[in-house]
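Each chain, written out:
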Amino acid sequence: MGPDFVVLSLVPMLIGALAAVACALPGNFLLLRRQALIGDAISHVVLPGIVAGFLVTGSVATLPMLLGAGAAALVAVALIEAVRRLGRIEPGAAMGVVFTTMFAAGVLLLELSDTSSVHLDVEHALYGNLESLVWLDATGWQSLLDPAALAGLPPELGRIAAAALGVGLFVRLFWRPLAAATFDEHFARAQGVPTAALGLGLVMVAALAAVAAFDAVGSIIVIAMFICPPAAARLMTDRLGRQVAWSVAFAVLSAVAGYILAGYGPLWLGGQDAVSAAGMIAAVSGLILAAACLLGPHRRPRPG
Amino acid sequence: MSGPLTLAARDGRALAEDLAPYPLAVRGLTVSYGGRPAVFSVDMTVEPGSMTAIVGPNGAGKSTLLKAALGIVPRLAGTVTLHGRPLDRARGEVAYVPQRASVDWDFPARVLDVVLMGMSRDLGLLRPVRARHRSRAMDCLARVGMEGFAARQIGQLSGGQQQRVFLARALAQGASLYLLDEPFAGVDAATERAVIAVLSALRAEGATVVAVHHDLSTVRDHFSHVLLLNVRRIAEGPVERVFTAENLQATYGGRLGAAQIGDLGLAAS
């Protein structure tokens, strides 16, 4: 692993791993609350918000994107309620309709607007641009100690690192009440635990992870990152702490293995071009889940 | 019972009656789900040291009454006081045993983890669990005869064992008033005896117990007081005075046959 690795692969792998961890952490609790599709929903709904944030400010910065994503989420909630009431459609179907429609609106908005100056287009929205997040200022491993080279790191790395840190702090700080409210929300509320605020906080950190990860890896892989590592981890253990630890390990493994397989797998098979890293990371996380389903030690359904 | 005092309470004016002696007092409670009242204008006065059964048909609002008293579901109208104090200032005085089926027992936790969840008030949001909390949780498990199961995954427990773990979690709350939702539903005879023994011991220590109860044949064995509920309060008071064929007929309407009431051995008035 020489200078080429540091310049071309180190940063994308780090970003992929951090994004996977940032999504897997809240994913564990969403999964146990039977709200796993909220991750899916967020990753779809945020697209028009991110595009709108870009159109208003003209830059791909985290804060306007986050504000746009938040506004889009509010619009989504209002639309779901409207569709459910006016159309007399059951909540699940109403959510599905609104999420896909808003995502489609985001795609159309992207195609109609001039985003050629920045990394924001339809393909990026779907697959991300992990491969393009290279570290051109690096000359080798020694660049990790060179302030000038470090200053040239892609800004996406700092964003996703900050998001992962924020998500990690939230989960670590509120671990006990979060676990209590996830297991038995009514009992927790009866004790005065602010369950509504905790649930909202969980969705907000999930949105933060989705927006920061979306920027780098696109919407398809974000869904896989929310659901696959926690679901596989659930089959490995019967303890919440260990489940979260397993999910972090699976998240990092799928990001690193997926990136390497996407870059070098086709060459090993005699092909020419690399395939999408985001797609391969999602595929690897799905394979890990499949393996856990077949081999995980805690996969049996329990009696009553 | 609907004299001027309770009417004043319903109007939201200052309570003229002194509710401080009562571990739980509910006045004019109305709870609505989707525009339909689940509980309508209910008064309930729980005597200190009593063991009260809440009895009524399915959909009568029994669980809802408990949940509203605990602030789990919002009240449309009415007041709830614990020894005369509003719920927000007296949460530490009340423990709760929800219905066993209300949670997913496949949740990744051990028995001890669940009992520790009863200490959220002691621990606050941020403080970590310490050895003394674990040792108190073990004491609570011992009281329900489950100390040997502390490290067991909760999904491996039988229904009766799950019920006892929930009771241990309520004991960990260290309260003086216990609200239980169907604590005897679907449990084995050994668990029923164990739960009754624990509740009797709690009463002997001065605690007060209120339980939603569906088995009419055991009301007189286990309880000192009864509240008959069918969205509205039908009757409330000591079992021997209130648990009558006439009141049951009024509570269950036509759903309870004369033969069933006859089986209870109640004197028709």
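See the structure above.
Residues numbered from 1 in each chain as written. Chains lettered and ligands numbered in written order. Predicted model: local features only at pLDDT ≥ 70, side-chain atom pairs only at ≥ 80, totals over all residues. Heavy atoms only, no water.

S.K.: Where do I start with the pairing of strand β7 (residues 177-181) of chain B in this structure?
M.R.: Successive residues of a regular strand alternate their side chains across the two faces of the sheet. All names here are of chain B. Burial analysis of β7 places 5 of its 5 residues in the buried class, which makes it a mostly covered element. Of the two faces of β7, both are covered, the one formed by Leu-177, Leu-179 and Asp-181 as well as the one formed by Tyr-178 and Leu-180. Where strand β6 (residues 94-97) and β7 come together, 4 bridges link them in parallel fashion. Bridge pairing links Val-97 to Leu-180 in β7. As paired strands, β7 and strand β8 (residues 208-212) are joined by 5 bridges and run parallel to one another. Considered in β8, the bridge of Tyr-178 is made with Val-209. Handedness of the crossover joining β7 and β8 through helix α7 (residues 189-204): right-handed. (Buried < 20%, exposed > 50% of the residue type's maximum accessible area, 1.4 Å probe, protein only. Helix = DSSP H or I, 4+ residues; strand = E, 2+ residues; numbered from the N terminus. Pairing = 2+ DSSP bridges. Right-handed = clockwise from strand over helix to strand, strands pointing away.)

S.K.: So what exactly am I meant to see when it comes to the packing of helix α10 (residues 195-234) of chain A against helix α12 (residues 277-295) of chain A here?
M.R.: Angle between the axes and distance between the axes are the two parameters that describe a pair of packed helices. All names here are of chain A. Two numbers describe how α10 lies on α12: the axes approach to 9 Å, and their chain directions differ by 20 degrees. Regarding the angle of α10 to α12, the classification is roughly parallel. In this structure, the crossing between α10 and α12 has a hand that is left-handed. Across from Val-217, Ile-221, Ala-224, Met-225, Cys-228, Ala-231 and Ala-232 in α10, the residues of α12 making contact are Ala-278, Ile-281, Ala-282, Ser-285, Gly-286, Ile-288, Leu-289 and Ala-292. (Axes fitted to C-alpha atoms, helices over the stretch in contact; angles between N-to-C directions. Parallel < 35°, antiparallel > 145°, perpendicular 65-115°, else oblique. Left-handed = near helix turned anticlockwise from the far one by under 90°. Contact = heavy atoms within 4.5 Å.)

S.K.: Help me understand the interface of chain B and chain A in this model?
M.R.: How big an interface is tends to be stated in terms of the accessible area lost upon association of its parts. Chain B puts 35 residues into the contact, and the matching count from chain A is 27 residues. At the boundary of chain B with chain A, total buried surface from both sides reaches about 2700 Å², with 59% on carbon and sulfur atoms. When the area that chain B buries against chain A is broken down by residue, the three leading residues are Phe-107, Pro-108 and Leu-125 of chain B, summing to 24%. Where chain B meets chain A, there are 3 salt bridges. Ionic pairing is found between Arg-169 of chain B and Asp-184 of chain A, a salt bridge with its closest N-O pair at 2.8 Å. (Buried area = accessible area lost by both parts, 1.4 Å probe. Salt bridge = Lys/Arg side-chain N within 4 Å of Asp/Glu carboxyl O.)

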